[in-house]
Structures are given as structure tokens and as C-alpha cells.
Amino acid sequence: MIRDDRHLHVRGESVFIDDLPAPAGCLEAAVLGSPVAHGRITRLDASAALAVEGVVAVLTAADIPGQNQTGTIILDEPALAAEEVHCVGQPVALVLARDADTARRARRLIVLEIEKLPAVLDAREAAALGHHIVPPRTFACGDLDTAWDYCAHVVSGRADTGGQEHLYLETQATLAEPREDGTLLLHAGTQAPTAVQKVVARVLGVPMHAVEVDVRRLGGAFGGKEEQATTWAVLAALGARATGRPVRLVLDRADDLTMTGKRHPYSSDYRLGLDADGRLLAWEVTYYQNAGATADLSTAILERSLFHSTGSYYVPNVRATGHCCRTNLFSNTAFRGFGGPQAMVVIETALAHAARVMGVPTEQLQRRNLLDEGSAFLYGQAADGCRARRCWDEADRAFGFAALRQAADRHNAGDDRHKRGVAMMPVCFGISFTNAALNQAGALVHVYQDGSVGASTGAVEMGQGVSRKIRKVVARTLGVAEARVKVETANTARVANTSPTAASTGADLNGEAARLACLQILERLRQAAARKLGADPATVTIKSGGAHRDGKPTSLGWEELVQAAYWSRTDLSAHAHYATPHLGFDRHREKGTPFAYHVYGTAVAEVTLDRLLGTFTLDAVRLVHDTAASLDRATDLGQVEGGLAQGLGWLLLEELAWDREGRLLTDSAGRYKVPDLDFMPRTLEVRFLEDANPRAVMGSKAVGEPPLMYGIAAFFALADALQAARPGAPLPRSAPLTPEHTLMLLAAGAASSMRVCSGVRGAERGSVDQEGGAAAFVTAGRILKELGLGERLTLLVTGTVME
């Protein structure tokens, strides 16, 4: 029996790139990255490194036989820097040695001299200087300028969200093997095998058929291996090409943290207008996206932010503008949600702001403005099969939000130290690549003579369960047991021209392609069965592991049927191609139908805040998620829970910090805090809305990205608890809202000392911590006094007694 990844992971038997046996003569690689954020290379001397015993080669840009370019959307990213460097960690040289320790030791001996140039780390500063990767882009609908005249309430402000580290368990890795015919086989840790194939061929100056990319599985990715895995595959391939020997490149954790991009930090300005009844009339928002040093996928991610700038709400008059800002940080990249979460936080902040000004509950404004069937999005597509209000009402009914609000109010009235907050968060997320050409997939299915089945697609398994879903699709379509089906690795020689496994489309695209291939084989088997049974083909069906005639089982079982088909010279293999229909978007008008459908949901969060310490607990997150006809319920539940965990971490825990020189300070797993089991909600309840979806394989819906946005509910539940603790305190408009920052917000007047900027957090870290820390101590003393726990608080801080 084929053991799938679940069994292998639990037993510790899953093989990743670093686990593969080293081929004979295999070299290990280490990459020298730039130590400065921006500068001109004046000297690069590798002689001392080459003198180290065991070092075989040190490669630089001069050793690249083809085009020194790894970019895809925009060609602005060299594989190895030649003259200038534009961020700390940018690859400059590749060291190849007999083992990884030797390669890394030799790397430190390379003399790299750089003339420093001015570096820009903040997105708003970059925009002011005109450092845009592409010109600003605007989506609009209605007549915004006139709409303000009809608004009874108008609020404006700023909202910032920080970056997020992917922290996948398996770091970036590739094993490149040269073959006897001059071609290369790459075992690459990538979500995009065809992109790796294409870019490696470009850099080496060879045709794509000379590069075969094979992906068994990834040890996590979350978007971080869609575009950024390509660089490391290119460098491994370059080493193999230059030496004629296999090369393995596996980044250690420190290199992976400092030499890869993160979720994009955003800094945004907003203006929201409502009528007297709380209906949204006007929405203007400007996003400053910190793209980092090169384009990567930033333009597509910013586009997704514009698509989702109105969240789950209908707004008739909108102007959303995005600035893709080039800075001297390592290029930021895809992360679960792909720009959607950053946009949703902004409109939810504006709604919370408006609710406070109007003196009404935020949830009242949220529900009043939810999308309805036929509501038009700002890009022109109509909400078809809209479940926004249904998910909200189901969550409200099932979890009793009004009762939760009343219980929190009662608790807060009787407990001076611990304050509870509650919030709801609706989610609406479009499913498809917004580049229509990427919405295609191929599949190759073989039925072998013994009745077993092999299926190949372009879907990459990275822990999200896509292989399990494709296995189920194939088994259900052919009418055989899952045990008969094996899902092969993603391989560019078996299935070519694949799209990345991203945008929550892996099962939608590849599963449907596999189903179509199975249908071809089924039709051939039906004809073979009719011949064997001497029956009219119109009366024969293949299901439940055998041939049926006039709806009744026959003696012709699956294995006998396959044998009969083979001996009658019937083709038992099929290739199929699927392209999502009815998609199209006009980027001149910024109007069209970019999405096949939308996923909806609503989360309810409860938080308890400790006024004294600034710490908080997540009491509960309960949610209704629009999963449609799930292909695998356990997989979908895991994705919802995992996505929620990442959303909670992004907004409440995970904080990236750089110094003024653009060096990452949170450069180890010990310095970067991610959610653990203790951080997760004490109660976590997930309910599925299971109506079939006619626009995806077997009535299902995508599940990967939408659940991350449920974490926004907890952010605003904590903000609600802060309001209970300090009525009139500033509304939190910066994330992550860590316990440190929560305590600073509790300190009256301390909020102004907290600097959360787009792209660089901690550039003024010393002064911020000092001012915020002092304010926090004063606040702690005041709270203790209010609680009757002491008239005097003495604190020893760096040798100084503060009273």
C-alpha cells in the first residue's frame, strides 16, 4: 500500500532535499551575501577562499554563461551581483566545496569591499523620492469626489501592518545533478517548477528541455518558495554546470532568514464616508507597499491588495491607489493571502474608527454593509453565489455574539485588572490567479495493467494536502479505491508549462485536469466493457470498481476490465488540460472578471487583556467557513486552523526588526516569536458551510489562503479590550499588537512614542524601548494603585530606582 505524506511525517520518514543521499562527487554550496544595504562593489578577491583545502570553486557574476537575471515579472534581479548591491544579503559569490562547513568557512575569507551608497528603508520615504518599481496604480468606481458631499460621517487616518517571516521548517534547498547528455536534473524546493526550469535555462544559456525539475514535497512554503526558491536553484545549477559535479545548496536557518524576503509591510492612508444610517458611501485608500530591492512578485501582490481593498463590503464610490515602493531591504515576496490581508486590515481599521466616532458597535456597521448577491466589486465583477451575509448570520446565530458582548461587559464592570474584548471579522477572498494566463493546468494519468493508477500534475505538495485531494479526485472519478492511486512528484518532464502551486488554486486547477484525464480513460474503458459484454455502449457505465449494465453490476470487475482493455489495444493513458473559463481583466480600464468565485466566512474572537502586564490570552475563536463540498474535510480543517494561526501570529505576535543599516535584527528562530500551542485560542471551533460550488472541481472551494484573515478578528477583539481598559485611549492602528506594544498603548500618552513604520521596525529601537518602557512602568504603578495593591511601586531599572 502506498503510504502518503501523513504517515511518513508522523514516523519521521519523509525525505526532503537535505535528506537525499549525496551523489558521487557531490559538492556543497554556500552563498556570500552583501553586508551592506546599498553600495558599489570595488573589490572582490576570492584567493584566500580558494586556498582552503576542500574548496573547488568560487563563482561570481563573471562565471554566468547566459543572462545574469532571475526576475520573472520584471527583469531586475541578478543571480549574482556584478557592480552594485541593493540590500543586505544579496548574493555576490558562490563557494563550492567538499562539505557545507568548509564552504561556509571559506566564504568568510572572501574579500568584499563595497563603497556605501545612501539606502532607503521606508516605503513612504521611497515613494516621496520617486523610487517606484512601477508607476502607482488606481482602482476606482462611482463618483468619489461627489460622494463626500452626501456623507454624514467622515473619518480618516493611517494604518500600518508589519512584515512576516515564513519560517518554513525546510529552508531553501536544491540538489542539481548533471547528466551524461549535458542536461541537468534539479531536485528543487520550489512551488513553481516551470519557473525554475525557465530561469535556470536563461541563466545557463540552454533550452528549457535541458533542465528537468522534480519536486517530491516541500517542508512548508506559505508563498516563500513561489518566486524566491528560484535564485537558489539557479545557483546550484550554475555550480553543477561550472564543475560538472552534483551540487547541493541548502541554506542554514540564519542565511534563510537574512537572505529571503518576507510578507510585505504596508503603510496606508484612508478616508471613509458613511451616511447617517451607517451605510458606506465613499472609500479612499492609498497603500505604500515596501517591495524591497527588486520587483519579485510585488506588483501582483499590490494588485491583489487593490482587488480586496473593500474587504467583504459593498461601497459604491471607491478610489484605491497602490504604490509599489523600491527600498534597500531584501525583496519581499508572496505570503499566504498575497496582499489581501494587508488591505482588509485597513478597511476594518476605518470601520472601527467610524464606529467609535458614531458611538455605535463596530459589528453594526460591518453587518449593515456586507456584500449581497449581485453586489458589484470596485473592479466590475458581480458577487455571484455570495455567502457573505449568510456566513455572518450563521456565525452570529451559532455563537451568540450579542450574548458574548453582554458577558464581556458584565465581566469588565466587575474586574478592574482583566478586561475582555470581542470582535467579528467577515472574509471575502477571490480565487484565481489575477494573471489569467496562469489559470491553467495539465495532468497525465496512467492506468496500469494490474488496475493500479498513477497520476502526475503540476501541483506541489508542501503540507497543504493537495496530493491527497488529487488522489481522491482520481479515485472518485474512476470509481476505484484510493489505495489503487499513486500521485507522482511534480516533474517538468511529465507535465510541462505548469503554473505555480499558489493562489489557493492547486486543487482547483490540477484536480480538474486530473479529472478530465480520468474521464477520457473511463470512456475508453466503457467502450471496452461494452465489447467484452456484447452490450450496447449506451447501456454501460463504469463505477464502484467495475462495469455496470443498465445500472446493475456485472461480473466484469475493475482488474478484469483493465486487462480486457489492454488486450484489445485500448490506450490506458491520458493527458488533459484545464483552463479556468470566463476569466478576463482589462488592466487599462481596471475592470473585468479576475476571479472564478469567492470564498466567504466569518470569525468571532474573544480576548482577555491583563491591564497590569499588557499580556493577553486568546479565549476563543469560533468561525464559519465557506468550504463548499470539501474534497477532504480533515485537510480543509487543518488548513483553516493553520491559516488562522498564521493570521494570529502576524497581527499579535510576530515582529520583524531591522537596524538603520538595513540589517535584520530578528535573524534567528530564537529572536523571532511565532505562535505555539499555548498562544492559540483556548477554544477553537470551526463550522463549514457546505453548499456545492459549481465553479471548482467536484463542487469544492479553495481553502489555503482565506482562513489567514480570520486572525484579524483577534486583533480587533484585543483593541476592544484595550478600550475597556482605557476608555478613550487611541485606537490601535499598527500591527503586530504584541504585549509590548499593548502595554505601551495602556500607558497614557505613550502611544506617541511607539514607532511602527512601513518596512523598518526598530530603526529607532533603543529610544523607542526606553521611552515606551518607562511609560509602561509608570502605567503599571498607576494600575497597581487603582487596583488597591499598593500606594508605592519601586522598580529597579538598569541600576536606577524609579518611584
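What you see is a predicted model; the values in this text were computed from it and never measured.

Considering the side chain of S375
Inspection of the secondary structure assignment puts S375 in the loop between α11 (362-368) and α12 (388-399). Within the structure, the side chain of S375 is placed 2.9 Å from the backbone nitrogen of D372, a separation counted as a polar contact. Ignoring anything within four residues of it in the chain, the contact list for S375 reads Y314, Q381, A382 and A383.

Topic: the sheet that holds strand β19 (residues 485-487)
Here we have four strands laid out as an open sheet, ordered β19-β18-β17-β24, and mixed in their pairing. Bordering the open sheet on either side are β19 and β24 (573-579), each of which pairs with just one other strand. Across the sheet, the mean angle separating the axes of adjacent strands is 20° when strand polarity is ignored. Pairing of strand β18 (residues 453-457) with β19 involves three bridges; the strand directions are parallel. Opposite A455, over in β19, you have V487 as the bridge partner. Across the sheet, helix α14 (residues 466-478) lies against β17 (440-447), β18 and β19, angled at about 145° from β19, the strand it touches most. With respect to the sheet, helix α15 (residues 506-533) is in contact with β17, β18 and β24, its orientation differing from that of β24 by roughly 140°.

What to know about the pattern of salt bridges
In this structure the tally under the stated criterion is 53 salt bridges. The shortest N-O distance in the salt bridge between D5 and R217 comes to 2.9 Å. Pair noted here: D5 is in helix α1 (residues 5-11) and R217 is in the loop between β11 (211-215) and α7 (229-243), with a separation of 212 residues, a long-range link. In this pair, the class of D5 matches that of R217, namely buried. Salt-bridge contacts for R137 lead to E303; the nearest nitrogen and oxygen are separated by 2.7 Å. Taken together, the positions of R137 in strand β7 (residues 137-141) and E303 in helix α9 (residues 298-307) put the pair 166 residues apart, joining distant regions of the chain. The exposure classification of R137 matches that of E303, with both residues buried. Taken together, the shared-partner salt bridges in this structure form one network comprising D4, R6, R468, R471, K472, E482 and D632.

Quick word on the packing of helix α18 (residues 711-725) against helix α19 (residues 739-746)
The N-to-C vectors of α18 and α19 enclose an angle of 30°; their axes lie 10 Å apart at closest approach. Considering their axes alone, α18 and α19 lie roughly parallel with respect to each other. As α18 packs across α19, the resulting crossing turns out to be right-handed. Residues L718, L722 and A725 of α18 pack against T742, L745 and L746 of α19. Counted by class, the contact of α18 with α19 contains five nonpolar, one polar and no charged residues.

What to know about α18
Between its first and last C-alpha, α18 extends 22 Å over 15 residues, near the 21 Å set by a 1.5 Å rise per residue. When you tally the buried positions in α18, you get twelve out of 15 residues, the bulk of the element. Three or more residues of α18 are buried, namely G711, I712, A713, A714, F715, F716, A717, L718, A719, A721, L722 and A725.

Considerations on the state of the cysteines
For the structure on display, the rule yields zero disulfides. C428 forms no disulfide, and the closest cysteine sulfur to it belongs to C386, at a distance of 6.7 Å. On the basis of relative accessible area, C428 is assigned to the buried category, the value being 1%.

So, helix α10 (residues 340-358)
With 19 residues, α10 extends 27 Å between its outermost C-alpha atoms, agreeing within 8% with the 27 Å of an ideal straight helix rising 1.5 Å per residue. Of the residues flanking the end of α10, it is G359, one or two places downstream, whose phi is positive at about 75°.

Things to note about unusual backbone geometry
A cis geometry characterises the amide bond from A735 onward to P736, with omega recorded as 10°. With a phi angle near 60°, F222 is a residue other than glycine that sits in the positive phi range. Mapped onto the fold, F222 is located in the loop between β11 and α7. Judged by relative accessible area, which is 31%, F222 ranks as partly exposed. Positive phi, close to 55°, is recorded for F338, a residue that is not glycine. Take F338: it is sitting in the loop between β15 (317-326) and α10. In this structure F338 comes out as buried when scored by relative accessible area, which is 15%.

Focus: the nonpolar core
Residues L272, W283, Y287 and Y600 are the most contacted members of the largest nonpolar core, which totals 61 residues. Ranked by the residues each element gives to this core, the list is headed by α10, at eight residues. With residues up to four places along the chain from it excluded, the contact list for Y287 reads Y266, S267, S268, L302, S305, L306, S309, T321, G322, H323, A343 and V346. Counting residues in each nonpolar core, the second largest holds 53 residues, with A696, A714, A717 and L718 among its members.

Points about the sheet that holds strand β4 (residues 84-85)
Reading across the sheet, the three strands line up as β4-β2-β6 and stay open at both edges, with antiparallel pairing between neighbours. Either end of the sheet is taken by a strand with one partner, and the two such strands are β4 and β6 (111-116). Note: strand β2 (residues 39-45) against β6, six bridges, orientation antiparallel. Within β6, the position partnered with R40 by the bridge is E115.

Observations concerning the pairing of β17
Among the eight residues in β17, six count as buried, and that is most of the element. Bridge count for β17 against β24 is seven bridges, and the pairing is antiparallel. Bridge pairing in β24 places Q440 opposite A579. Here β17 folds back onto β18 in antiparallel fashion, the turn holding five residues, of which G451 has a positive phi close to 95°.

A short note on the environment of T321
Relative to the assigned elements, T321 resides in strand β15. The class for T321 is buried, based on a relative accessible area of 13%. In sequence terms T321 and E303 are 18 residues apart; their C-alpha atoms lie 9.7 Å from each other. If we ignore the near neighbours within four places in the chain, the residues touching T321 are P136, R137, T138, V285, T286, Y287 and L306.

Thresholds applied
Counting starts from 1 at the beginning of each chain's written sequence and moves along it residue by residue. For this predicted model, a pLDDT threshold of at least 70 governs which residues receive local features, and a threshold of 80 or more governs which side-chain atom pairs are given and counted, while totals over whole chains, interfaces and linings are taken from all residues. No hydrogens and no water enter the side-chain calculation; it runs on all heavy atoms of the structure. The secondary structure listing takes helices from DSSP runs of H or I that are at least 4 residues long and strands from runs of E that are at least 2 residues long, numbered from the N terminus. Two N or O atoms form a polar contact when they lie within 3.5 Å of each other; inside protein one atom must be a possible hydrogen donor and the other a possible acceptor, and for residues adjacent in sequence the pair counts only when both atoms belong to side chains. Here, two residues are considered to be in contact whenever any of their heavy atoms come within 4.5 Å of each other. The pairing criterion is simple: DSSP has to find at least two bridges between the two strands. Every axis corresponds to a line fitted to the C-alpha atoms, with the helix fit spanning only the stretch in contact, and the corresponding angles, defined between N-to-C directions, vary from 0 to 180 degrees. One side-chain nitrogen of Lys or Arg within 4 Å of one carboxyl oxygen of Asp or Glu is enough to make a salt bridge. Using a 1.4 Å probe on the protein chains alone, a residue whose accessible area is under 20% of its type maximum counts as buried, one over 50% counts as exposed, and one in between counts as partly exposed. For classification purposes, an angle smaller than 35 degrees is called roughly parallel, one larger than 145 roughly antiparallel, one from 65 to 115 roughly perpendicular, and anything else oblique. The sense of a crossing depends on the near helix, which, turned anticlockwise from the far helix by less than a right angle, makes the crossing left-handed and, turned clockwise, makes it right-handed. Here the nonpolar group is Ala, Val, Leu, Ile, Met, Phe, Trp, Tyr, Cys and Pro; Asp, Glu, Lys and Arg are the charged ones; every other residue, Gly included, is treated as polar. By this rule, a helix spans an expected 1.5 Å times one less than how many residues it contains. Here, a disulfide means two cysteine sulfur atoms that sit within 2.5 Å of each other. Put simply, a nonpolar core is a bunch of buried Ala, Val, Leu, Ile, Met, Phe, Trp, Tyr and Cys residues held in one set by side-chain atoms that sit within 4.5 Å of each other.

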